[in-house]
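The residues making up each chain are set out below.
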Amino acid sequence: MTDSVLAQAFIYLCAATIFVPIAKRLGLGAVLGYLIGGVVIGPFFMGLVGTEGHHVMHFAEFGVVMMLFLVGLELRPALLWQLRRPILGLGGLQVTGTGAALAAAAIALGVSLRPAIAIGLTFAMSSTAIVLSTLNERGLLKTRGGQSSFAVLLFQDISVIPILAVFPLLGAAAATTTVTDATSEAGRPAWLSALIVIGAVACVIAIGRFVVRPVFQFLARAKLRESFTAAALAIVVGIALLMLQVGLSPALGTFLAGVVLADSEYRHELETDIEPFKGLLLGLFFISVGAQIDFALIASRPLVIAGLVIGTMILKLCVLQILGWIFRLDRPARWLLAVGLAQVGEFAFVLLSLAVQDRIFSPELAGTLVATVAISMMLTPPAFILLERVILPRVTDRGDARPQDEIIDANTPVVIAGFGRFGQMVGRLLRANRIPLTILDLDPEMVDILGRLGIKVYYGDASRVDLLHAAGCEHAKLFVLAVDDAATATRIAESVREHFPHLTILARCIDRPHYFALRKLGVRKVFRETFGSAYETGIEALKHLGYRAHTAHRLARRWRDHEEGVIEELGDLWRDDRATYFQRAKGALDEAERLMRDEDPTVYADRDAGWDNESLRADTQVAEASVDNPEVS
Amino acid sequence: MRRILILFAHPVLERSRVNRRLLAAVREVSGVTVHDLYDAYPTLYIDAKREQRLLVEHDVIVFQHPFYWYSTPAILKEWQDLVLEHGWAYGHGGTQLRGKITFNAITTGGPEAAYRRGGYNRFTIRELLAPWDQTAHLCGMRFLAPFAVHAALRIAADDDVAQPRAAYRQLIEALRDDRLDLDRAASVENLAVALPSLLPREVA
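Residues numbered from 1 in each chain as written. Chains lettered and ligands numbered in written order. Predicted model: local features only at pLDDT ≥ 70, side-chain atom pairs only at ≥ 80, totals over all residues. Heavy atoms only, no water.

*Asks:* What should I look at first to understand helix α1 (residues 18-27) of chain B in this one?
*Replies:* Because an α-helix packs 3.6 residues into every turn, residues spaced three or four apart end up facing the same way. All names here are of chain B. Within α1, seven of the 10 residues are buried, which leaves it mostly tucked inside the rest of the structure. Taken together, the buried positions of α1 are occupied by V18, N19, R21, L22, L23, A25 and V26. Contacts from the buried residues of α1 go to β1 (4-8), β2 (32-36), β3 (60-66), β4 (101-107), β6 (147-149) and α7 (162-176). (Buried < 20%, exposed > 50% of the residue type's maximum accessible area, 1.4 Å probe, protein only. Helix = DSSP H or I, 4+ residues; strand = E, 2+ residues; numbered from the N terminus. Contact = heavy atoms within 4.5 Å.)

*Asks:* What's the story with the side chain of R554(A) in this structure? I'm lost.
*Replies:* Within the secondary structure, R554(A) sits in helix α27 (residues 549-576). What makes R554(A) buried here is its relative accessible area of 8%. When sequence neighbours within four positions are dropped, the list of residues in contact with R554(A) reads R607(A), D608(A), W611(A), L44(B), Y45(B), E78(B) and L82(B).

*Asks:* Honestly, the pairing of β2(B) in this entry has me stumped. Any pointers?
*Replies:* A regular strand places its side chains on the two faces of the sheet in alternate fashion. Residues and elements named next belong to chain B. Here β1 pairs with β2 via five bridges, running parallel. Within β2, the position partnered with I6 by the bridge is V34. Handedness of the crossover is the feature at issue here: the chain leaves β1, passes through α1, returns alongside β2, and the resulting connection is right-handed. (Pairing = 2+ DSSP bridges. Right-handed = clockwise from strand over helix to strand, strands pointing away.)

*Asks:* Could you clarify how one ought to interpret the sheet that holds strand β6 (residues 525-528) of chain A in this entry?
*Replies:* Within the open sheet, the six strands sit side by side as β3-β2-β1-β4-β5-β6 (chain A). Their pairing is parallel. Every interior strand has two partners, whereas the edge strands, β3 (458-459) and β6 of chain A, have only one.

*Asks:* How should I be thinking about helix α19 (residues 380-395) of chain A in this particular structure?
*Replies:* Residue and element names in this part refer to chain A. Spanning 16 residues, α19 covers only 20 Å between terminal C-alpha atoms, well under the ideal 22 Å at 1.5 Å per step. Remark: the principal bend of α19, roughly 45 degrees, maps to L387. Three or more residues of α19 are buried, namely T380, P381, A383, F384, I385, L387, I391, L392 and V395. (Expected span 1.5 Å × (residues − 1). Bend = angle between axes of the 7 residues up to and from the residue.)

*Asks:* Could you clarify how one ought to interpret the pattern of salt bridges in this entry?
*Replies:* Pairing is possible between side chains that carry opposite charge, provided their charged atoms lie close to one another. Residues and elements named next belong to chain B. Applying the stated criterion across every chain, the model contains 21 salt bridges over all chains. Linking K49 and E85 is a salt bridge whose minimum nitrogen-to-oxygen distance equals 3.3 Å. Of the two residues, K49 is situated in helix α3 (residues 48-57) and E85 in the loop between α4 (74-83) and β4; the sequence distance between them amounts to 36 residues. (Salt bridge = Lys/Arg side-chain N within 4 Å of Asp/Glu carboxyl O.)

*Asks:* Explanation requested: the interface of chain B and chain A in the structure shown.
*Replies:* Where interface size is given, it is often the accessible area lost as the parts come together that is meant. Contacts between chain B and chain A engage 15 residues on the former and 13 residues on the latter. When chain B packs against chain A, the two sides together hide about 1,200 Å² of surface, and 50% of this comes from carbon and sulfur. Among the residues of chain B in contact with chain A, Y45(B), L82(B) and H86(B) are the three that bury the most area, contributing 53% of the side total. Counting the contacts that link chain B with chain A gives one salt bridge. Residues E78(B) and R554(A) are paired through a salt bridge, measuring 3.9 Å at the closest nitrogen-oxygen approach. Breaking the side of chain B that touches chain A down by element, the ones donating at least two residues are α3 and α4 of chain B. A breakdown of the residues in the side of chain B that touches chain A according to their chemical character gives six nonpolar, four polar and five charged. (Buried area = accessible area lost by both parts, 1.4 Å probe. Nonpolar A, V, L, I, M, F, W, Y, C, P; charged D, E, K, R; others polar.)

*Asks:* So what exactly am I meant to see when it comes to the nonpolar core here?
*Replies:* One recurring pattern in soluble globular proteins: nonpolar side chains tend to sit buried together. Within the largest apolar cluster, 127 residues are counted, with the highest numbers of intra-cluster contacts made by F167(A), F255(A), F286(A) and F361(A). The greatest single-element share of this core, amounting to 11 residues, is contributed by helix α9 (residues 144-170) of chain A. Among residues more than four places away in sequence, those in contact with F255(A) are L68(A), F69(A), V71(A), G72(A), L75(A), L80(A), F150(A) and L154(A). V32(B), V62(B), L180(B) and L198(B) belong to the second largest nonpolar core, which has 37 residues in total. (Core = buried A, V, L, I, M, F, W, Y, C linked by side-chain atoms within 4.5 Å.)

*Asks:* What am I meant to see in the packing of helix α17 (residues 347-357) of chain A against helix α18 (residues 363-378) of chain A here?
*Replies:* Residues and elements named next belong to chain A. Between α17 and α18, the shortest axis-to-axis distance is 10 Å and the interhelical angle comes to 175 degrees. Considering their axes alone, α17 and α18 lie roughly antiparallel with respect to each other. Across from A348, F349, L352 and V356 in α17, the residues of α18 making contact are P363, A366, L369, V370, V373, A374 and M377. Among the residues forming the contact of α17 with α18, the class breakdown is 11 nonpolar, no polar and no charged. (Axes fitted to C-alpha atoms, helices over the stretch in contact; angles between N-to-C directions. Parallel < 35°, antiparallel > 145°, perpendicular 65-115°, else oblique.)

*Asks:* For this particular structure, what's the right way to read the packing of aromatic side chains?
*Replies:* Each aromatic ring pair is specified by the distance between its two centres and by the angle formed by the two planes. All names here are of chain A. The final tally for this structure, using the stated rule, is 15 aromatic pairs over all chains. Their ring planes at 5 degrees and their centres at 5.9 Å tell us that F531 and W559 sit as a pair that is stacked. Taken as a pair, F531 in helix α26 (residues 531-544) and W559 in helix α27 lie far apart in primary sequence, 28 residues in all. On the accessibility criterion, F531 (17% relative accessible area) is buried. In textbook terms, an aromatic cluster arises when at least three aromatic residues are bridged by ring pairs, as seen for Y515, F516, W574, Y581 and F582. For R84, the ring lying beneath its charged end belongs to W81, and the centroid distance is 4.3 Å. In this structure, R560 is placed above the aromatic ring of Y535, and the distance from its NZ or CZ to the ring centre is 5.1 Å. (Phe/Tyr/Trp six-rings, centres within 6.5 Å; stacked < 30°, edge-to-face > 60°. Lys NZ or Arg CZ within 6 Å of the ring centre and 35° of its normal.)

Written out as structure tokens, the structure reads:
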């Protein structure tokens, strides 16, 4: 037994080790790597894992629970409150809308009403595991589309609870209650169930608020790394257990616990402890999804299953598109939401097996549906790739999505391109001095937000000559280049230099190569975007180390002058002679150190020699000596 | 021909009535270098070496500034402290400024009558400039009387101060061309007033 467990573990781990890096290298993403690995080791290809896959999956579902705990940790209660409208509105409409549409489709295909409702509700779910992992992996979670997707997924997780409660009522066995873990509350009166649920939720919040902190403080004093990890796992597992006992979704419970703990000082501790377990279990989960796909069944009725998969996904996609439109998402966000959530999620596996138990429909139908679900999950990573490479570039086509603004009356001395964090600072200072500005920006949301604040920002691509003309570059004196993308900034600088050589350009740069590139184009002065605040921080650090503020400022200033001299000097080397560049850059570091070292706070050199009275003291002594002793002179 | 360096110090040039116009009168004169200190060092982080190079390159050093609190704006004090290094400007080996000519071109708020014993400023301009006099002396420079334009506060915004402008320019040109009676220029009260008597007879 132990042997076989170890052997199984070895096979799963190998699959993860081999397929995930390959998939990532090919740009397919880790999730698809796990799924392919699962298919390959599964019963229909290598047969390394077989029937126990189902149990493995059950176990691995805990990865989803952990993931939601981690998601919760990232979401402070305030942020969750901000998301209430997308969660309840968008999420609620998604579940009911998609459920209804799918149920109607099922009825049209000849399924009777009750099973059709069950199918609709089951297939309305999307895969939290795949979607959140993929969004995270591709850095899309924080975008508007990503946030909306998250909101919908969260609502789906919540709605599993009532769906679980409804299922027994849909079945042929509605009269005789089947007792399972998930539906154990069905035997109690409704008010008692409600009370238990409320009690459990309160319990989770209380644990998060009052138990975790003292426990962790106690462990912190003991300085035992493993006991931290054990405690973190115990919290997650314990809450999951509690939730199962009262018939709530464990994922939801741990998510709630995560949110409660998001403000705690042990947040990072919990994150680092749970993260590797989550990663492994989630990987295991994806592998077992891959391994579960019943290729024999698919081979026996390929057209039906293909039709079901495509039909389901397109229907879900359409509903999400409509909802995205209703909720005023812009086109890229809408597409991300619709394509991202078009698959059917892992909850379907649970719900389908329940449906069979509750005798809502036959095991054969369930088998077909399970295959449909698995394939739709399989298709999600490729769908994301399609979305990123083909769909998003098209729908974010600026000219199409939003026409360039017509600029009226642009005759200002200053044109600012890019009005984000950087450009706004520059712009606000100039505006405060009543200097008229023409502002260009490419972020439609920013343009609208600033418009609401009464700042007119023109939407458009500042590297286009017609826009530069319209912005009044012929008559302007100064062009502030503050866009946050290096390549775009360089393109704009080229364009301005070529068509408006009289304009002085002040530019923000991202890094050294960008600095060199802009200087070479003839940009008058280039500012490294983080230099100012880093410089201030350095001064503050010196002050905290006991330097007097005045000394700290002068030291920092001297260092900056040196630094600015060096970077100008390095520009040519960067282009012509990389080897010498690094040599010189290294030399400059040593130089700066020497420059600072002789500046002991009591010793002045170079600029501050006038304040140094050492030589004067020596001179004074000589003079006094000569007075005392006339022969000397 | 003497080269003339005007070290100009005015923290709010935008509001200046007299200094701005005086400066404009001499800015384009050949042989004159105007160095606007507040423009060069907005944070008072003075480059002493650069300042010393400028001093070496010129023969006449003019400190042009409003007469704030009977003295100079802050940057000139910082400039003195940091540029006039021991061993460079004075003291052992400090000979770099020796023989150069220097004076202050100032504007005062009060009228001339206030700057005398019994007046409400109690001291004469020359007495109040004693630290500059002594600084010049210690550095081996010839210290001339100030070029002082009085009652600048009473001058209207649209007054183009034609008379002081012309006098200032005349003074600078005379210094440049060595036509000024330096001994007498060192002993009078105010170059702006005494200028005609310091120039060669045939010109005056």
